[in-house]
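Spelled out, the chains give:
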Amino acid sequence: MKKLVFAAAVLLALPLTVSAQEDHSGHGGQAAMSGASGEYMKAMQDMDATMRNMAMTGDAAVDFAAMMIPHHQAAIEMAKSYLASGDNDPELTKLSEEIVAAQEREIAQLEAWLAKNRAQ
């Protein structure tokens, strides 16, 4: 339960839109990144776009479960990018492996819950 509350708090703290003034992708900011750092930003941008375009149902539980899936997927992509980076810090390698396993398991749980509880 603590993980779920923490994940919700993180989700709520994330900005879901980027104004034209904040978007620096066209002039060397995020677009200039390569390797793992560029992949981290791509994962976050993909998550943001997916979540921003989701139609909310008004059902707090359904909307929460549906939005957590791309949030978790971004964490998986970031962890896999770290693992592929060759950095090999033992602590971050272990944590990244744990993130992939936990987030994949939680995505499956969220998808199963949605299959049972989403309004038809």
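As shown above, the structure is provided for reference.
What you see is a predicted model, and the numbers here were worked out from it, not measured in a lab.

(A) Representation of the overall build of the protein. Helix and strand counts for the protein come out as 4 helices and 0 strands. The helix and strand sequence of the protein, counted from the amino end, reads α-α-α-α. In the protein, which comprises 120 residues, the proportion classed as buried is 28%. A sequence separation of at least 24 residues applies to 69% of the contacts in the protein between residues at least 6 apart. By element, 59% of the accessible surface of the protein is carried by carbon and sulfur atoms, the whole surface being about 8000 Å².

(B) Structural context of helix α3 (residues 60–84). With 25 residues, α3 extends 36 Å from end C-alpha to end C-alpha; this agrees with the ideal 36 Å at 1.5 Å per step. Where α3 begins, one side-chain oxygen reaches toward the backbone nitrogen of Ala-61, 3.0 Å away; that side chain belongs to Asp-59. Where α3 terminates, the next one or two residues include Gly-86, which has phi positive at roughly 85 degrees.

(C) Geometry of the nonpolar core. Grouped together as the largest cluster of nonpolar side chains are 9 residues: Val-62, Ala-65, Ala-66, Met-68, Ile-69, Ile-76, Ile-107, Leu-110 and Leu-114. Broken down by secondary-structure element, the contributors of at least two residues to this core are α3 and α4 (90–117). When sequence neighbours within four positions are dropped, the list of residues in contact with Leu-110 reads Ala-65, Met-68, Ile-69 and His-72.

(D) Quick peek at the pattern of salt bridges. This structure, assessed with the given rule, holds 4 salt bridges. With its nearest N and O atoms 3.7 Å apart, the salt bridge here joins Lys-80 to Glu-104. You can see Lys-80 sitting in helix α3 and its partner Glu-104 sitting in helix α4, a full 24 residues away along the chain. Lys-80 gets classed as partly exposed once you look at its relative accessible area, which sits at 44%. Glu-104 sits in the partly exposed class, given a relative accessible area of 39%.

(E) Seen up close, the side chain of Gln-103. Position of Gln-103 relative to the elements: it lies in helix α4. Its relative accessible area of 14% is what places Gln-103 among the buried residues. The residues contacting Gln-103, other than those within four sequence positions of it, are His-72, Ala-75 and Ile-76.

Each value, and the rule that gives it
Residues numbered from 1 in each chain as written. Predicted model: local features only at pLDDT ≥ 70, side-chain atom pairs only at ≥ 80, totals over all residues. Heavy atoms only, no water. Helix = DSSP H or I, 4+ residues; strand = E, 2+ residues; numbered from the N terminus. Buried < 20%, exposed > 50% of the residue type's maximum accessible area, 1.4 Å probe, protein only. Contact = heavy atoms within 4.5 Å. Areas by Shrake-Rupley, 256 points an atom, 1.4 Å probe, with all protein chains shown as cover. Expected span 1.5 Å × (residues − 1). Polar contact = N/O pair within 3.5 Å; in protein donor to acceptor, adjacent residues only side chain to side chain. Core = buried A, V, L, I, M, F, W, Y, C linked by side-chain atoms within 4.5 Å. Salt bridge = Lys/Arg side-chain N within 4 Å of Asp/Glu carboxyl O.

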